[in-house]
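The lines below spell out each chain.
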Amino acid sequence: MPTYHKPEAKTIQELKDIAHKLRIDSINATQASKSGHPTSCASIAEIMSVLFFNTMRYKLSAPRDPSSDRFILSKGHAAPILYAAWAEAGLFPVEDLMNLRKIDSDLEGHPTPRLNFIDVGTGSLGQGVAVACGMAYVGKNLDKADYRTYVLVGDGESAEGSIWESLHFAGYYKLNNLCVIFDVNRLGQSEATSLQHQMEVYRKRLDAFGFNAIVVDGHDVEELCKAFFEAASTTDRPTAIIAKTYKGKHFPNIEDLENWHGKPLGDAAADVVAHLQKQIRNPGPIALAPPSPQKESAPKVSIKGVELATPPAYQKGEQVATRLAYGTALAKIAMNNDRVIALDGDTKNSTYSDKLRKAFPERFIECFIAEQNLVGVAIGAACRDRTVAFVSTFATFFTRAFDQIRMGAISQTNVNFVGSHCGVSIGEDGPSQMGLEDIAMFRAIPGSTVFYPADAVSTERAVEMAANTPGVCFIRTSRPNTAVIYENNEKFEIGKCKVVKQNANDSVLLIGAGITLYEALKAAEELEKSGIHCRVIDPFTVKPLDQEGIIKHGAQCGGRVVVVEDHYKQGGLGEAVLSALAEQRNFVVKHLGVDKLPRSGPPTVLVDMFGISARSVAAAVQEIIKM
C-alpha cells in the first residue's frame, strides 16, 4: 500500500473552515426556502469538505466528464449541502443557493439530473448504493478507467434491504473502486435509528459483506483524509467508511437532539450562523482547489445508432417464443455495438439473456435474485451514456423494484427492461410467477415506451428500437411459442399498429397483443365461417398507443371493438384502448382480460378458463354485434 502523508496543518484548517461554510450555506438556503434539512446537512459537512476539496477528482468545466470520479448522495434530503459543495467549488455562484426549492429553480428539494452535476435522482432512500455499484462495475470492467465512485448513505436508510442487496453485489464483484460512506448520525426522522452509535455492529456487518470497513470520527477531517486514502489504496475489495457523526453538529442547543429533522432553523438560525462564523479562521475565499482528473482514462464511446447485426431470419408460420427472439436480438445488437450490456436476476436461461452472455461474457452482469439491486445497477451502468443496458427477469418480479424504476425515470435513465413469463399463459407455475400487473406499472412511468411484440420478427425490431429510444423502455415477452406472422423485412414504428387481418366487410375490430393476438385471429377465422368478418390489429406498442389507427379502423368496423389481453383488466391494453376512445362518439368496447386471481394449470386451459381464449373472443363478438 502507498505511504500516507498527512495533509499540512494549513490544509487541515482549510478543510475545517470549508465544512463550516457548507453548514452556513445549508442553513441560509433552507431559511430562504422555509423548508429543508439543515441538521442532516450538518452531520456530513466534514465528509463533503474532504471529498470535494481533497479527495474526488472532477472537472468543474464538465461535471459529467466520463473520466471524473462519481458521487451519489443516497440520502438525497441533504441536497442543500451537495449544492453548496459545488457552489463553493466554483461551479455556480453561492448566491444561487438562495433559490433552493423555488418553482423556477433546478435546485430542487432532492437532487435530480436537471442539474448538470447530478447523475441520478435520489431521495427515495435505499437506492444510491445500487446505482454506485453500476457505475463502479462499468468503471472497473468495461471502461477499465481509474475513476472512483463514492456514495454517501444515511444510517436511517441502511435499514432498507435494498442497501444490503447492493453491498452484497459490491463485495461479490470486489469493486475496489467503490467507497460507501455511512453517515451514522444516530437520529432518524421521528426517533433514533435502531443501531444508533453502535459502530462496531456496523463494522462487523460490512466486514462480513466483503468490505474494508473503517470506523472514523466523521467530524475529524484528518481521520477522513486518511480513510479516503486507504480506500483508494485498497485493491482487493470495496471500502466502507463508517463515520460517527452528530445530527446538527455545531448547532448550539440543536446538535444531537430529536425533533429537528426536515426543519429549517427558524429563529435559531442567526445565533447558529454567528457561532459557526466564529469557528472559521479564514473567512475569505476558499484557497483549496478541487482535485482534477489525472488523465482522460475513460474511453470515448458511442451508444447511438444501435442496429441488429443481421436482420430477422424466420419462416412465416415458424413457432418461436418471443422471449427466445429477445435473446437472439440482444446478441445481435451486441455484435453491432460493444456498449450493449445485459443484466439479469438469475433467470437468464428463461429470459434468454444468456445468449448475450455466451457471445460476450464480459458484457453480462449477473445480479442474482435481488431485483431492486438489479434495476439500480442498470441505472448506474447507463449513467453518463456509458452503456446500452437491457435488464431482464420474469415480468412479475419487476413489481418489487417499482420504486427503483420510478426513480430511474426521475433520473432520466435510458435503461431497457424486458419482462418474460407474462400472463396466465405461462401455465402450471401459477399466479406467483405470472406477470399480470406489469403493463399497468410501466405505463404509469412518465416518458416510458411499452412494447408488446407478438412474434419473433416484431420482437427483434422492438429490441433494436428500444436500444435507441430515450427514457424507460419495457418489452413484454411471452413464454409460449407463437407463430411468425410478419415478413422478415416488415417495418415497425413506435406508436403505429399493424393490421394483421382485414376485409372490406369487417364489422368488428379485434385488438390483441402477444398470445391474445393469436386468439383473436382464431376467433376471426371461426366467425368468418358464419359470415361475421372481423378486423384484427396488433398494437405493437401499448404506450404510445396508435390512437389514430384504432379510431380509424374502429370506425370502419362500425364502432364495435373487442380488446383481449393476458393481463389484469386494470391498467393494461384494454384500458389504454378505452382511454384512446374516451372522447369518441359511436363506439362500444368489449374488454376481455384476467379479472380474478388465477391458478396453476395447462396454458390453454387457463387461457380459456379466464376468458381470453378464441372461444371467449367469439362470444364477445356475437354479443357486440347485437348491441
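Because the structure is a prediction, the values reported are computed rather than measured. (Residues numbered from 1 in each chain as written. Predicted model: local features only at pLDDT ≥ 70, side-chain atom pairs only at ≥ 80, totals over all residues. Heavy atoms only, no water.)

Tracing the backbone through its elements, the reader meets Glu371 in helix H13 (residues 371-382). Look past the residues within four positions of Glu371 in its chain and what remains in contact with it is Glu165, Thr393, Phe397, Arg400 and Ala401. (Helix = DSSP H or I, 4+ residues; strand = E, 2+ residues; numbered from the N terminus. Contact = heavy atoms within 4.5 Å.)

What follows deals with the nonpolar core. If you look at the biggest cluster of nonpolar residues, it comprises 80 residues, and the most contacted ones within it are Leu343 and Phe417. A per-element tally of this core places helix H5 (residues 128-142) first, with 9 residues. Those residues in contact with Leu343 that lie beyond four places of it in its chain are Ile365, Cys367, Leu374, Val377, Ala378, Ala389, Phe390, Val391 and Ser392. Residues Ile44, Phe53, Tyr150 and Val216 belong to the second largest nonpolar core, which totals 51 residues. (Core = buried A, V, L, I, M, F, W, Y, C linked by side-chain atoms within 4.5 Å. Buried < 20%, exposed > 50% of the residue type's maximum accessible area, 1.4 Å probe, protein only.)

Across the sheet, which stays open at both edges, the 7 strands sit in the order E8-E7-E9-E10-E12-E11-E17 with mixed pairing between neighbours. Since the sheet does not close on itself, it has two edges, and those belong to strand E8 (364-366) and strand E17 (541-543), each with one partner. Each strand axis lies, on average, 20° off the axis of its neighbour in the sheet, ignoring direction. The pairing of strand E9 (residues 388-394) with strand E10 (residues 416-420) spans 5 bridges and is parallel. Bridge assignment links Val391 to a residue of E10, and that residue is Phe417. (Pairing = 2+ DSSP bridges. Axes fitted to C-alpha atoms, helices over the stretch in contact; angles between N-to-C directions.)

Further remarks concern the pattern of salt bridges. Inspection of the entire model under this criterion finds 30 salt bridges. The salt bridge partner of Glu296 is Lys59, with a shortest N-O separation of 2.7 Å. Taken together, the positions of Glu296 in the loop between helix H9 (269-279) and strand E6 (319-321) and Lys59 in the loop between helix H3 (45-55) and strand E1 (70-73) put the pair 237 residues apart, joining distant regions of the chain. Judged by its relative accessible area of 51%, Glu296 is exposed. Lys59 sits in the partly exposed class, given a relative accessible area of 25%. (Salt bridge = Lys/Arg side-chain N within 4 Å of Asp/Glu carboxyl O.)

On to the UniProt feature "domain: Transketolase-like pyrimidine-binding" (unreviewed entry) in the protein chain. The UniProt record annotates "domain: Transketolase-like pyrimidine-binding" (unreviewed entry) at residues 320-484. Each end of residues 320-484 is marked by a C-alpha atom, and these two atoms are 7 Å apart; helix forms 39% of the span and strand 19%. (UniProt positions renumbered as here; feature names shortened; annotations may be inferred.)

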